[in-house]
Amino acid sequence: MSVQPKLVRFNENVLAKYQIYNSIFMTLPFYAITKTGVLLPLFHETCEKGFARGDDPTTIVQTFFEKYQGRRDKESQIKLLFRFIQYIERQVVLFDAIEDAAFPVVNNMDGIGTLRNLKENATSEGKLNTLIKYLNEFKVRIVLTAHPTQFYPGSVLGIITDLTEAIRKNDLLLINDLLAQLGKTPFFKKKKPTPYDEAISLIWYLEHVFYNSFGKIFDYIQHNIYDDIEMPNEIINIGFWPGGDRDGNPFVTPDTTIKVALKLKQAVLRNYYKDIRRLKRRLTFRGVEEHVIALEQKLYNASISPNAKSAITLEEFTSVLENIRSVVVEQHQSLYLKDIDSVINKTKLFGFRFATLDIRQDSRKHDEVFQDVVKTLQKKKTRIFPENFTNQTPKQQVKTLSKVKGKLDINWFKDEFTIRTLKTMQAIREIQESNGEQAANRYIISNNQTAVNVMQLYAMLKLVSFEDEMTVDIVPLFETVPDLENAASVMEELYSNVEYRKHLEQRGNKQTIMLGFSDGTKDGGYLMANWAIFKAKEELTKVSRKHKIAVVFFDGRGGPPARGGGKTHNFYASLGPTIEDKEVQLTIQGQTISSNFGTLASSQYNMEQLISSGILNRLSDTNQKLSRSDKSVMNSLAKISYETYTKFKQHPNFLGYLERMSTLKYYAKTNIGSRPSKRGTSNELVFSDLRAIPFVGSWSQLKQNVPGFFGVGTALEYYEKKGEFKKVKQLYKNSSFFKTLIENSMMSLSKSFFDLTKYMAEDGEFGGFWMLIYEEYKLSKQLILKLTGYNELMQEEPAGKASIAIRESIVLPLLTIQQFALKKIQELQKQENIDAEELEVYEKIVTRSLFGNINASRNSA
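Residues numbered from 1 in each chain as written. Predicted model: local features only at pLDDT ≥ 70, side-chain atom pairs only at ≥ 80, totals over all residues. Heavy atoms only, no water.

Chemist: What's the story with the overall build of the protein chain in this structure? I'm lost.
Modeler: Counting its regular elements, the protein chain contains 33 helices and 9 strands. With respect to the principal axes defined by its C-alpha atoms, the protein chain has extents near 75 × 75 × 60 Å. When the 861 residues of the protein chain are sorted by exposure, 60% land in the buried category. Across the protein chain, every contact between residues at least 6 apart in sequence was considered, and the portion connecting residues at least 24 apart equals 81%. With the model as given, the accessible surface of the protein chain reaches about 35,200 Å², and the carbon-plus-sulfur share is 49%. Computing the positive centroid from 115 side-chain charges and the negative centroid from 100, the protein chain places the two 1 Å apart. (Helix = DSSP H or I, 4+ residues; strand = E, 2+ residues; numbered from the N terminus. Buried < 20%, exposed > 50% of the residue type's maximum accessible area, 1.4 Å probe, protein only. Contact = heavy atoms within 4.5 Å. Areas by Shrake-Rupley, 256 points an atom, 1.4 Å probe, with all protein chains shown as cover. Lys, Arg positive; Asp, Glu negative; His and termini not counted. Charge placed at Lys NZ, Arg CZ, Asp CG, Glu CD.)

What follows is the structure, encoded as structure tokens:
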């Protein structure tokens, strides 16, 4: 049977259904204003026609009220705008649910990038043994973070799940009820979530999605690629940051970390219990049933009290399962063997930990604690550190720290932050003892700049909890462009240290290094950040191979291209032979969790794409290293874009524009994350204090998406003016890496809509700055189209383009309202006597409008 084109499948299964269900939704009665559902389409039409005429948002809102609601007073108009916001938020949810329901139809679950496709290609090319060899050592680790880019509270996520299932079944009565429930369920969180709340939200995905979808992938590989021979490698790992990541989050305590680890154990035990209950209905044979019943009871007890002395251990659990398996094979003709194997496979994937709880803290915070440790230990005359330690050179300090011996007592310390940091190191040991070593065996140092940063942590871990054997991997995180350039020399110094090298030998001669795309882009712009990370990986691979260390790269990625997101699997398939690629590790956060991994179908599909991309990078004969001339062009493009972006950042209006013309300062009011929205405590806006999420998100709300393209156009123009544009075209043809960068930048450009903020061009203070951005946007779009040979952006992805177009259309009225309110705020703040009450109303409109727009974009922050 022929398969229809993806765009046709999208139109039939997403667009058509949205139009039908949206018409039902629009007729539901909400609150006091029953006519809202009739008025919103009229307002939407007014927005479309207004922007086409060149009207500004204020004129559009005024035109709508004059034409359709002339009798409303000002207070009633404001109430209607709030109703519009509420409607649009829910329209976005409806579209999400429809798109999720259609995912396995729109996307070919056996097509390019899936495991089935990978196996078939390897078999046809005679490379099946090579594929198995790679799978024996290849891993993918996705790390769930609590970074606040997800605006749906848990109750709404539950509705989306139920609505998705109802749409899949075309259950109109249930859909109608769920849409009504949606209309009455609040989206706005009155209180900030705690780090524990964030952990609970993400554990939901582990329990209800990943447990099943990742288990299914493992089962497929073992059965179809390994022919049921036991696999030596679990292939999929899951990392977890909520409750462990304390970088910039003072609310994450050692108690939080222990509590989250316990909850993770409890959640996986609960899932095992459900599986064993299902098996009990099947394994009703003599010599088997009694063991299953006993196992069920033990798991039930353990799921209530995971760390009780009588609780079942992982070893006991797997031993009983293996015994049951043997009896079924020997005495019962292997009946339901696949079901038993599936549970055994899950124990290999999840253990009693479910996910590895990563600990993360900033190197500057570690340094504060470490100075306190040295000072206190010297006062106690412990001789752990020499008296002249603080006067030693960095190289001498690295040597001293590598040989540190002794034990410190946390009761010696008075500073609260020092005590919490040291107790966190104790907590790692405690979690390892209760949930297994893999439950918490990585400590990430963000803003890592030197070898001293690594060795300070190394010494503190040994002094607090790991004097005999260090069962923790220290992971330096390099983020800014200068730190990325210096990363190889830092690792050279560490690898050359005898004691640190011994530590790596104990850890399997493996070193994980994290690279930060989000702050890299904020610091150096789009092209330079990605190229600096690429080059850093090449240099780190070279120095690691020289020392016979297997380096693993852990990418700190966000949702949009500006934070390392976009077509992630294409990125990993494009790295070439000069970058170590035995493992793919990356962060998945906020909206990206729900949009790419939120359902069984999408999580299976996207995980298979990640596995395939890493394997394809190794199997491919065409993905060769960059030639010298291509590398020279890439260097030049990155350098020019970096200089352009740096100049842009240094513009006197840069921070003022963000602070007064964007939604930046309203992110903190949304109560979507436990972490403060900026690093410093200054009342003034300081660029270095800005977190990448609100920074990128604010450009997205303006529909300008600056971090995803700024500097690209100027860099391409340099070659066009020199008459050497063919060199860039050659790079685009030869390099999958560069092609992926350009495609991701196209996505940022596609989501831009400058007509929304065109009125800013007339602003006395910021008009010139707006024009600067707009000119770079036009230049980038024009030259990217010339480079690709496309007539329009995302020409080769019609279904993705269509999805973006619908989402952008849904939120157009929302964006108009947001800009209308921002303009009112600017006008009010210029008045001598500010009406505080009116100002508060418009600020509330801006804050509320953030929700629907962020959720509609799905990867905007």
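Chemist: When you look at the nonpolar core in this model, what are you seeing that I'm missing?
Modeler: If you look at soluble globular proteins, the nonpolar side chains tend to sit buried side by side. Within the largest apolar cluster, 264 residues are counted, with the highest numbers of intra-cluster contacts made by Ile142, Phe214, Phe240, Phe385, Ile611 and Trp699. Of the residues forming this core, the biggest block, 17 residues, is contributed by helix 4 (residues 74–106). Counting residues in hydrophobic clusters, the runner-up holds 7 residues, among them Val143, Trp241, Met514 and Phe554. (Core = buried A, V, L, I, M, F, W, Y, C linked by side-chain atoms within 4.5 Å.)

Chemist: Would you explain helix 16 (residues 416–435) in this entry?
Modeler: Along an α-helix, residues three or four apart share an orientation, since each turn contains 3.6 residues. For helix 16, spanning 20 residues, the distance from its first C-alpha to its last is 28 Å, which sits close to the expected 28 Å at 1.5 Å a residue. Among the structural elements, helix 10 (254–282), strand 3 (356–357), strand 4 (359–362), helix 14 (363–379), strand 5 (442–446) and helix 17 (451–464) are those in contact with the buried residues of helix 16. Where helix 16 starts, the residue carrying a side-chain oxygen 3.1 Å from the main-chain nitrogen of phenylalanine 417 turns out to be aspartate 415. (Expected span 1.5 Å × (residues − 1). Polar contact = N/O pair within 3.5 Å; in protein donor to acceptor, adjacent residues only side chain to side chain.)

Chemist: When you look at the packing of aromatic side chains in this model, what are you seeing that I'm missing?
Modeler: When we look at a pair of aromatic rings, we describe it by the centre distance and by the angle of the planes. Throughout the structure, instances matching the rule amount to 47 aromatic pairs. Arranged with centres 6.2 Å apart and planes meeting at 80 degrees, the rings of tryptophan 241 and phenylalanine 554 form a pair that is edge-to-face. Here tryptophan 241, found in the loop between strand 2 (236–240) and helix 10, pairs with phenylalanine 554, found in strand 8 (residues 550–556); they are 313 residues apart in sequence, far enough to count as distant. For phenylalanine 554, a relative accessible area of 0% gives the class buried. An aromatic cluster is defined as three or more aromatic residues linked by ring pairs; in this entry it consists of Tyr645, Phe648, Phe654, Tyr657, Phe695, Trp699, Phe710, Phe766 and Phe769. (Phe/Tyr/Trp six-rings, centres within 6.5 Å; stacked < 30°, edge-to-face > 60°.)

Chemist: Please clarify how the pattern of salt bridges should be interpreted in this entry.
Modeler: Opposite charge on two side chains permits pairing when their charged atoms draw close. Applying the stated criterion across every chain, the model contains 46 salt bridges. Between glutamate 45 and lysine 49 there is a salt bridge, with its nearest N and O atoms 3.3 Å apart. Here glutamate 45 and its partner lysine 49 are both found in helix 2 (residues 36–53), 4 residues apart, which amounts to about one turn of the helix. Judged by relative accessible area, glutamate 45 falls into the partly exposed class, the value being 32%. (Salt bridge = Lys/Arg side-chain N within 4 Å of Asp/Glu carboxyl O.)

Chemist: Can you walk me through the packing of helix 30 (residues 736–750) against helix 31 (residues 767–788) in this structure?
Modeler: Where helix 30 contacts helix 31, the axes come no closer than 11 Å and their chain directions differ by 135 degrees. Judged by the inter-axis angle, helix 30 sits oblique to helix 31. Every pair of crossing elements has a handedness; the one defined by helix 30 and helix 31 is left-handed. The segment helix 30 lies against helix 31, with Phe738, Ile742, Ser745, Met746 and Leu749 engaging Tyr777, Ser780, Lys781, Ile784, Leu787 and Thr788. The residue makeup of the contact of helix 30 with helix 31, split by class, is 7 nonpolar, 3 polar and 1 charged. (Axes fitted to C-alpha atoms, helices over the stretch in contact; angles between N-to-C directions. Parallel < 35°, antiparallel > 145°, perpendicular 65-115°, else oblique. Left-handed = near helix turned anticlockwise from the far one by under 90°. Nonpolar A, V, L, I, M, F, W, Y, C, P; charged D, E, K, R; others polar.)

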